[in-house]
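# Coordinate inspection notes
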Amino acid sequence: SQQGEEDPQALSIQEGENATMNCSYKTSINNLQWYRQNSGRGLVHLILIRSNEREKHSGRLRVTLDTSKKSSSLLITASRAADTASYFCATVRYGNNRLAFGKGNQVVVIP
Amino acid sequence: KAGVTQTPRYLIKTRGQQVTLSCSPISGHRSVSWYQQTPGQGLQFLFEYFSETQRNKGNFPGRFSGRQFSNSRSEMNVSTLELGDSALYLCASSSEQGRSEKLFFGSGTQLSVL
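The rules behind the values
Chains are numbered independently. Their residues run from 1 in the order of the written sequence. Each chain is given a letter, starting from A, and each ligand a number, starting from 1, according to the order in which they appear as written. Only residues with pLDDT of 70 or above have their local features reported here, since the model is predicted, and side-chain atom pairs are shown and tallied only from 80 upward, although totals for entire chains, interfaces and linings are computed over all residues. Side-chain calculation: all heavy atoms of the structure are included, whereas hydrogens and water are not. Whether two aromatic rings pair depends on their centres lying within 6.5 Å, for rings of Phe, Tyr and Trp, where Trp uses its six-membered ring; planes under 30 degrees apart make the pair stacked, over 60 edge-to-face, and the rest tilted. Where helices and strands are cited, they refer to DSSP runs of H or I of at least four residues and of E of at least two residues respectively, numbered from the N terminus. The buried label goes to any residue with under 20% of its type's maximum accessible area, the exposed label to any with over 50%, and the partly exposed label to all in between, with areas taken from a 1.4 Å probe on protein chains only. We call a charge positioned over a ring when the NZ of a Lys or the CZ of an Arg lies within 6 Å of the ring centre and within 35 degrees of the ring normal. Only heavy atoms enter the contact rule, under which two residues are in contact if any of them lie within 4.5 Å. Accessible surface is computed with a 1.4 Å probe, and the buried area is the amount of it that two parts give up when combined, taken over both parts together. We define a salt bridge as a contact between a side-chain nitrogen of Lys or Arg and a carboxyl oxygen of Asp or Glu at a distance within 4 Å. A 3.5 Å cut-off defines polar contacts: any pair of N or O atoms within that distance qualifies, except that in protein one atom must be a possible hydrogen donor and the other a possible acceptor, and neighbouring residues in sequence count only when both atoms are side-chain atoms.

### Quick notes on the packing of aromatic side chains
By the definition in use, this model includes eight aromatic pairs over all chains. Taken together, a centroid distance of 5.4 Å and an interplanar angle of 90° make the contact between Phe-101 of chain A and Tyr-35 of chain B edge-to-face. Of this pair, Phe-101 of chain A sits in strand β10 (residues 100–101) while Tyr-35 of chain B is found in strand β4 (residues 31–38), placing the two residues in two different chains. For the pair Phe-101 of chain A and Tyr-35 of chain B, one class covers both residues: buried. Directly above the aromatic system of Tyr-10 of chain B lies the positively charged group of Arg-9 of chain B, at a separation of 5.0 Å from the ring centroid.

Now the structure itself:
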């Protein structure tokens, strides 16, 4: 079953602005990952945060994880037109190898 | 290093036919997972193979099957196609099974069932 649920589902911003997406999940997790997908192509792994971590950075990406609220957020700073894509969170539960993906956030960055 | 390769890129079939999709993982990766992506259901896990053995299976009917070869290449087969099987089928590979770390995805096979 799908576990991650992102909010908001569609976001349109100007180039240079920040974009924030949220993801909530229902059960205890081992780790949470964010992926990007461009126009129906394959997904590209962005960042992984483990259940014992609270914040992680990678370039212009910042991910937070709040296990008490069962939620995560992805922040893209200083957005670029090339950041236009769909962003998915995926959770991995303990003892279960599969990734459960959310529905995805569509982000459009206007040049 | 070459990425995950999926063939064919596009496929058009009619109801009742069967289809086989192919996936070549990144060299050295032994785990291959398959996902179905549709606008309505999103990304749904089909199955995972590691060292030629199916390790994990999603909630799909028996019409969906797969296998993995000794060189880690994988195929998935869908028999008696239905209209609802129209989707983007994504294959992903990773270096180790059982740890669910970073997945590397192929570009997918877009299947249209008419």
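### Comments concerning the interface of chain B and chain A
The interface of chain B with chain A comprises 25 residues on the first partner and 20 residues on the second. Across the chain B to chain A interface the summed buried area is about 1,800 Å²; carbon plus sulfur atoms make up 42%. For the pair chain B and chain A, the interface holds zero salt bridges. Inspection of the chain B/chain A interface yields eight residue pairs in polar contact (both at pLDDT 80 or more).

These figures capture arrangement, not role.
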